[in-house]
Each structure stands twice: as C-alpha cells, then as structure tokens.
Amino acid sequence: LATLFGMTPAPVEHCRVLELGCGNGSNLIPMACALPRSRFAGVDLAGTQIAAGRAEAAALELDNLELHHLDILDVGREFGEFDYVVAHGFYSWAPPAVRERIFAICRANLAPDGVAYVSYNTFPGGHLRRLVREILLHHVREIREPQERIRQAFALARYISAWRHDKDNERDLMRAEFERVLSYDPSHFYHDDLAEINSPVYFHEFMEQAARHGLQYLSEADLYEMQPPPAEPEGPGAPRLPSPDDLIAFEQYIDFVRCRRFRQTLLCHAGIRLDRSLAPSRLAGLYLASPMRAESETPDLGHGTVEQFVGPRKSKLATDSPAAKAAIQVLSEIWPSRVEFEDLLQRSRARTATQAGELAAMLLKMYAANIVEVSAGPARFTVEVSERPQASRVVRRQLESGPVVINQLHRRVEISDERMREALLLADGTRDLAGLRRELAVRFQTPIEEQPFHRNLQAAAQAALLIS
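Presented here is an overview of the structure given in this document. Here the structure is a predicted model, which means the values were calculated and not measured.

### A look at the sheet that holds strand E12 (residues 339-340)
Here comes step 1: Strand order across the open sheet formed by three strands is E12-E8-E13, with antiparallel pairing between neighbours. At either margin of the open sheet sits one strand with a lone partner, and together these are E12 and strand E13 (373-375).
Here comes step 2: Note: strand E8 (residues 287-289) against E13, three bridges, orientation antiparallel. Along E13, the bridge assignment pairs Tyr 287 with Ser 375.

Put into structure tokens, the structure is as follows:
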C-alpha cells in the first residue's frame, strides 16, 4: 500500500521491524524465520512472555530477532531506527500514557520512508462491544482466578444469547454481540473483553492524536476497508457528507455507516507527499494472487466472448477482455502462489501499452474489491509436492505443541488430521516420499496408502505449509 500510494518503503527482504507489545514473539518469530536477511525486535513488559519467546527463537536458531523485557515508556530514539513499527492488539488495552508513547516512538524511531501499523477498537461499533463487556465484567467482578473468570463469562454469554424474543430488535443486537464473544478462543476473550482496560476511540480522535506527533494517515492495512458504502445519498433530503478529499472526515463517516468496531491503520511521517490515485504503473515490481476461477470448465480467452469468474464470498467478475481473462486464468492456476506483475503481463498476452494499462487498472479495482491480493514480495512456499518435501521450521516446531500453525502467508492454519500433522513433523527435507510413508506406517502401525498420503501433502502445499 505504501508503494501504491507513492512511497518507497524498505523491501521486506532487507528491513528492520519493531513490534511494541510483542508478547511471546508469536508474530515476529515466523517473519524472522521467513526473512533471514531482515532484522526484528520486540518489546514487552511481561517477563515470562519474553522468556518464552527467547526460548522459542533459540530453538529455531534465529539470530535476526531480539526480544526485550522493557516498558515501552523507556524506549527512546537510541533504541534504533526501524522501517516498520507494529502495535497490534495493544493500543486500546493500554493506559493513556502508553498510548501516547506509541505515537512518540513512531515519530522518533520510524525511518523517513517507514510505515507504522496500529490496530485499535473504534466507535461507534465499540459501544455495542462495551455493553457486553460491562455485563460480563459485572458478572465476574468477585472472581480472581483467570480460568474461572473465563468459564463464568462464557456461561453467562451462552445463557443470554440463547434467549429469543419475537419483537425485540435491541435484544437481537445484544444477542449478536454475545454470540461474537462465544466465537473467541479463551485467551483472545480474556485479553480483549475481560481486560482491565479496553478503550475504543473514534477514528478522528485517533488521527488527531497521531497528527500531534507528526504522523499522517496512509491507509488501512486492507484497502477494501477504505471503500465507501455502495449507495450515495441523493435527493433534497440527503445529508451533507464530507468530501472524499477530506479523507479523515470522510473515513469517519464510513465508520458511522458501517458501525465499525475495529481498525488496522497505517501511518507515516507527515512530511511525505502521498498520491492515492492508484496509478497502474505502480504495480511494477509487485506480486499478485487471486482465487478467482472461471465458471466454465474451458473458458474462451479470445475476443468477443464474455466469461464470468467467481471468487470468495460470492464475488463475481464478468469481462470480455482477452488480456483480463488470460490474467485471471493464470492467477487461478497458480493460487495461492503469486506472480510478479510484469510476468503476468507477458503471460496474459497484453500486447500494447494501452492493453497493459487497462489490465493494470482492472487488477487494482479487483484489489480494492478484495478479490485480488497484492504483495511486495514473492511467495515463500511451493504449491508442488517435491520428492523430498519440507515444511518450514516454524511449522514443524509449532506442531510439537499443538495443531495450530502459522503458514508461509503468515496466517493461522489448524491441522486437524493426525496423519498430516505427523507427515509435516517428519518433512524436514531429508526424507523422500517413500521414506515418509515408511516412517508413518511405523508410527501408526498400519500401511499408509499412497493416494491419501499424496492428497494430504498436496493439501499442505495448498495451505502454504511447504517450502521449496
């Protein structure tokens, strides 16, 4: 996003990253493993969490990660300069002095073309979240033991969400909030809704605080979250809304319309000139991916035929452009892998500069609509099962303690199949396929059929768990 808006941020392969409130390093460790030539640092006040993260980093032999047991109030300019600063799940749960310090660190320690990421709870959706939080906190007010607090809070949430009334819209809203709570895992729930501090803010308040520290709004981490509502107000009774040129005010009204409760905001230094026109030429050097697939089994990629493509969340796209059809077909064939934009142009047979520009413009619209992914680096995984398959070190390490792992796209994946878990634990690149099957047969004391075995490994590859 920084590149698309005219900045020249540091390449992810050679960058410096600081995470504030890093906990046990679970966010930084997979990145440090995947990007060995970049440097990572984390800061957290919880000594036990930092100790656990250091032990994990040592087990993975990561020499590009430093975890510091430190109060962020003590982080100053001398701590160093970073290309990216991350504060995820931290701002809304910190006291006012710490929230102020987050912005001060971004100003003092962020490189001139650096980008800061801050996630936080927002109003107006935060009012609904606060309603449920206050009910649950009242219920567990005399309970001190964390597990019992979680158990009792979940029990009340289930009790209230089970009530049904025919004519009670307010109850429907509250029931939906309790059902949201019940979808959380216990640790997430304890950190978010039962925390001592949970302070949402309006977006304009957040940006006023950032501006006082010499920071400006770059974008949301997901461009889709910046799209305006589909219906514009019309007629003599229409409200007078801010112009899209007044970006902060306009974004605030998007929050009002959507009842937004959470933002993931990117910031940069105030002196940087940004260009949000999304010029197609800025796709140069970036990588694209998309799960869109043609509805027909044998799509006609030539002139004069409209083909329809479908994607996640019932998204659809119809086009008769040969270059566009060929590009989407290429992306669907390699998904979830990525292809560099220039390579995609060649493979889509965009013959002229005009065709290339039109294709780039369409891909950017698809990106804004959340049906194409754009990234700054190539895929760090393989979608093909090699003769000696290899899962990443992080995946193999995480599987030793549970079924949830972080894949090479930095996303959580739960591996429920026991045989797949064992196969990935063994897949360190030293065993061929036959050797893997033999060892699995010994462990499970039963023959391992070849076809299911290969399906499991192919599923692991499609889940971005294997490296080349």
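### A word on unusual backbone geometry
Here comes step 1: The amide bond that connects Phe 123 to the next residue, Pro 124, takes the cis arrangement and shows omega of 10°.
Here comes step 2: Relative to the elements of secondary structure, Pro 124 occurs in the loop between strand E5 (110-121) and helix H4 (125-139).
Here comes step 3: The peptide bond linking Trp 335 to Pro 336 adopts the cis configuration, its omega dihedral lying at 10°.
Here comes step 4: One non-glycine residue, Leu 278, lies in the positive phi region at around 55°.
Here comes step 5: Tracing the backbone through its elements, the reader meets Leu 278 in the loop between strand E7 (262-269) and E8.
Here comes step 6: Of note, the phi angle at His 410 is positive, near 65°, even though the residue is not glycine.
Here comes step 7: Looking at the secondary structure, you find His 410 in the loop between strand E15 (404-406) and strand E16 (412-414).

### A closer look at the sheet that holds strand E9 (residues 293-294)
Here comes step 1: Reading across the sheet, the three strands line up as E9-E10-E11 and stay open at both edges, with antiparallel pairing between neighbours. Lying at the two open borders of the sheet, with one neighbouring strand each, are E9 and strand E11 (316-319).
Here comes step 2: Bridging between strand E10 (residues 307-310) and E11 involves four bridges; their strand directions are antiparallel. Bridge assignment links Phe 309 to a residue of E11, and that residue is Leu 317.
Here comes step 3: Contacts from helix H10 (residues 322-334) reach E9, E10 and E11 within the one sheet, and its direction differs from that of E10 by about 30°.

### Some thoughts on the packing of aromatic side chains
Here comes step 1: The final tally for this structure, using the stated rule, is 10 aromatic pairs.
Here comes step 2: The side chain of Arg 276 reaches across the aromatic face of Phe 5, ending 5.8 Å from its centre.

### Things to note about the packing of helix H14 (residues 418-426) against helix H15 (residues 433-444)
Here comes step 1: Two numbers describe how H14 lies on H15: the axes approach to 10 Å, and their chain directions differ by 125°. The angle between the axes of H14 and H15 places the two elements in the oblique class. Of the two possible hands of crossing, H14 and H15 adopt the one that is right-handed. Contacts from Glu 418, Arg 419, Glu 422, Ala 423 and Leu 426 of H14 reach H15 at Leu 436, Glu 439, Leu 440, Arg 443 and Phe 444.
Here comes step 2: A breakdown of the residues in the contact of H14 with H15 according to their chemical character gives five nonpolar, no polar and five charged.

### Examining the pairing of E5
Here comes step 1: Counting buried residues along E5, 10 of its 12 residues qualify, which places the element largely inside the surrounding structure.
Here comes step 2: Direction of pairing for strand E4 (residues 82-87) relative to E5: parallel, over a ladder of five bridges. Residue pairing in the sheet places Val 85 in a bridge with Ala 116 of E5.
Here comes step 3: The parallel pair E4 and E5 is bridged by helix H3 (residues 96-109), and the resulting crossover is right-handed.
Here comes step 4: Where E5 lies against E7, six bridges are found, and the strand directions are antiparallel.

### Section: the pairing of strand E1 (residues 16-20)
Here comes step 1: E1 sits mainly inside the fold: four of its five residues count as buried.
Here comes step 2: In terms of strand pairing, E1 meets strand E2 (residues 39-44) through five bridges, oriented parallel. Each bridged residue has a counterpart across the sheet, and for Leu 18 the counterpart in E2 is Ala 41.
Here comes step 3: Handedness of the crossover joining E1 and E2 through helix H1 (residues 28-34) is recorded here as right-handed.
Here comes step 4: Direction of pairing for E1 relative to E4: parallel, over a ladder of three bridges. When the sheet's bridge partners are listed, Leu 18 is paired in E4 with Val 85.

### What about the packing of H14 against helix H16 (residues 450-462)?
Here comes step 1: Direction vectors running N to C along H14 and H16 enclose 70°, while the axes themselves pass 10 Å from each other. If you check the angle between H14 and H16, you find them roughly perpendicular. Within the contact between the two elements, H14 uses Arg 419, Met 420 and Leu 424 and H16 uses Asn 456, Ala 459 and Ala 460.
Here comes step 2: When grouped by side-chain class, the residues that make up the contact of H14 with H16 number four nonpolar, one polar and one charged.

### Topic: a nonpolar patch on the surface
Here comes step 1: Among the surface-exposed residues, Leu 241, Tyr 253, Phe 256 and Val 257 lie close enough to one another that they form a single nonpolar patch of about 370 Å² accessible area.
Here comes step 2: The residue Phe 256 is located in helix H9 (residues 247-258) in this model.

Procedures and definitions
- Residues numbered from 1 in each chain as written.
- Predicted model: local features only at pLDDT ≥ 70, side-chain atom pairs only at ≥ 80, totals over all residues.
- Heavy atoms only, no water.
- Pairing = 2+ DSSP bridges.
- Helix = DSSP H or I, 4+ residues; strand = E, 2+ residues; numbered from the N terminus.
- Contact = heavy atoms within 4.5 Å.
- Axes fitted to C-alpha atoms, helices over the stretch in contact; angles between N-to-C directions.
- Phe/Tyr/Trp six-rings, centres within 6.5 Å; stacked < 30°, edge-to-face > 60°.
- Lys NZ or Arg CZ within 6 Å of the ring centre and 35° of its normal.
- Parallel < 35°, antiparallel > 145°, perpendicular 65-115°, else oblique.
- Left-handed = near helix turned anticlockwise from the far one by under 90°.
- Nonpolar A, V, L, I, M, F, W, Y, C, P; charged D, E, K, R; others polar.
- Buried < 20%, exposed > 50% of the residue type's maximum accessible area, 1.4 Å probe, protein only.
- Right-handed = clockwise from strand over helix to strand, strands pointing away.
- Patch = residues over 30% accessible without salt bridge, like charges linked within 9 Å, V, L, I, M, F, W, Y side chains within 5 Å.
- Areas by Shrake-Rupley, 256 points an atom, 1.4 Å probe, with all protein chains shown as cover.
- Salt bridge = Lys/Arg side-chain N within 4 Å of Asp/Glu carboxyl O.

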